[in-house]
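Observations on chain architecture
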Amino acid sequence: MERTLAVVKPDGVRRGLIGEIIRRFEKAGLKIVALKMLKPTEELAANNYPDTDEWFKKVGERSSKTFASIGMDIKKKFGTDDPILIGKTIKGWLVRFLSSGNVVAMVLEGNRAADNVRRLVGETDPLMAQAGTIRGDLSIDNVVLGNSSNRPMVNVVHASGNAEEAKQEIKTWFNDSEILEYNRANEDEFYRAW
Ligand code: CDP
Ligand code: MG
């Protein structure tokens with residue numbers, strides 16, 4: 001079965017949402033196969049997000065689009081409209097934020113775990129996240145407010161973007177020996193044929 005990584009971010013932990021977030025994953029059928037609370041070092045936080053121009057560009061371009069869609073000039077905020085430089089600035093904020101407090105990291109296992117967890121987590125920007133998703137139900141920040149205040153938007157949970165990213169991220173957060181195998185009593189029910 002596929003595995004993916006989810007991390008309750010410092011805002012989620014401080015707000016007492018650990019149980020609420022885990023409940024949603026577990027209830028949907030995802031099996032928790034690793035779980036720990038820790039205060040990430042800056043190094044760990046940095047390793048959670050790729051250091052590639054591709055990632056910086058993706059994050060920067062998305063931000064530019066959002067700012068443009070509400071008629072705001074991203075250049076005024078970031079001092080540049082180069083998506084790579086914008087992405088790098090955002091990564092700096094993210095590292096500071098993620099290492100600012102305790103987080104709860106977990107590995108979740110199940111059919112199409114990465115896509116299913118993203119579905120439950122919802123859109124990156126809470127303002128765009130549908131009600132019913134974790135970010136849609138549990139946060140009211142948005143990218144413009146966050147970035148205008150020189151910080152990342154706070155959206156309570158991190159989740160790997162896809163199965164490929166998940167492989168790398170799980171290695172970043174967990175040793176093999178911390179990932180456990182067991183059967184859940186109702187496990188077969190999620191995939192049963194009759
Ligand atoms: O977290 P997710 O995979 O949905 O989004 P991402 O594009 O990989 O960005 C990682 C994190 O950066 C987001 O969850 C936000 O906290 C933050 N971010 C931000 O604060 N401002 C942006 N313009 C883009 C991302
Ligand atoms: Mg991501």
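The structure presented is a predicted model; accordingly, all values stated were derived computationally and were not measured. (Residues numbered from 1 in each chain as written. Chains lettered and ligands numbered in written order. Predicted model: local features only at pLDDT ≥ 70, side-chain atom pairs only at ≥ 80, totals over all residues. Heavy atoms only, no water.)

1. Some points on the sheet that holds strand 3 (residues 103-110)
Strands sit in the order 2-3-1-4 across an open sheet of 4 strands; the sheet is antiparallel. Only two strands of the sheet have a single neighbouring strand rather than two, namely strand 2 (31-38) and strand 4 (157-159). Pairs of neighbouring strands in the sheet enclose a mean axial angle of 20°, with direction left out of account. Note that strand 1 (residues 2-8) and strand 4 share 3 bridges and pair antiparallel. For V8, the partnering residue across the bridge sits in strand 4 and is V157. (Pairing = 2+ DSSP bridges. Helix = DSSP H or I, 4+ residues; strand = E, 2+ residues; numbered from the N terminus. Axes fitted to C-alpha atoms, helices over the stretch in contact; angles between N-to-C directions.)

2. Considering helix 10 (residues 163-173)
Of all the positions in helix 10, only A166, E169, I170 and W173 are classed as buried. One side of helix 10 carries all its buried residues, which in axial view fall inside an arc of 105°. Away from the buried face of helix 10 by more than 90 degrees, exposed residues E164, K167, Q168 and K171 are located. Along its buried surface, helix 10 packs onto strand 1, strand 2, helix 3 (42-48), helix 6 (83-98), strand 3 and strand 4. By the N-cap criterion, in which a side-chain oxygen at the helix start approaches the backbone nitrogen of a residue two or three places on, helix 10 is capped by N162, the distance to E164 being 3.1 Å. (Buried < 20%, exposed > 50% of the residue type's maximum accessible area, 1.4 Å probe, protein only. Arc of directions from axis to C-beta. Contact = heavy atoms within 4.5 Å. Polar contact = N/O pair within 3.5 Å; in protein donor to acceptor, adjacent residues only side chain to side chain.)

3. Quick word on the packing of aromatic side chains
Per the stated rule, a full pass over the model turns up 4 aromatic pairs. Ring geometry for Y49 and W55: centres 5.5 Å apart, planes at 40°, overall tilted. Taking relative accessible area as the criterion, W55 reaches 11% and is therefore assigned buried. Across the ring face of Y182, the terminal group of K31 is positioned such that the distance to the ring centre comes to 5.2 Å. The aromatic ring of F174 is capped on one face by K36, whose charged end is 4.5 Å from the ring centroid. (Phe/Tyr/Trp six-rings, centres within 6.5 Å; stacked < 30°, edge-to-face > 60°. Lys NZ or Arg CZ within 6 Å of the ring centre and 35° of its normal.)

4. Description of the site of ligand 1
With respect to spatial proximity, 17 residues lie near ligand 1, and among them R62, S63, R118, T124 and M153 are the closest. Between ligand 1 and the protein, one listed contact pairs an oxygen atom with a side-chain N or O atom of T124 at 2.5 Å. In this structure, a nitrogen atom belonging to ligand 1 sits 3.1 Å away from a side-chain N or O atom of N147. When ligand 1 is considered free in solution it has 500 Å² of accessible area, and contact with the protein chains removes 96% of it. Of all the secondary-structure elements, those providing two or more residues to the shell around ligand 1 are helix 4 (53-69), helix 6 and helix 9 (143-148). Considered class by class, the residues forming the shell around ligand 1 number 8 nonpolar, 4 polar and 5 charged. (Near = heavy atom within 4 Å. Areas by Shrake-Rupley, 256 points an atom, 1.4 Å probe, with all protein chains shown as cover. Nonpolar A, V, L, I, M, F, W, Y, C, P; charged D, E, K, R; others polar.)

5. Re the pairing of strand 3
Where burial is concerned, most of strand 3 is hidden: 8 out of the 8 residues are buried. Residues V103, A105, V107 and E109 point to one face of strand 3 and V104, M106, L108 and G110 to the other, with burial holding for every one of them. Taken together, the 7 bridges between strand 1 and strand 3 define a ladder with antiparallel strand orientation. Among the inter-strand pairings, L5 is bridged to a residue of strand 3, identified as V107.

On their own, these measurements won't tell you what the molecule is for.
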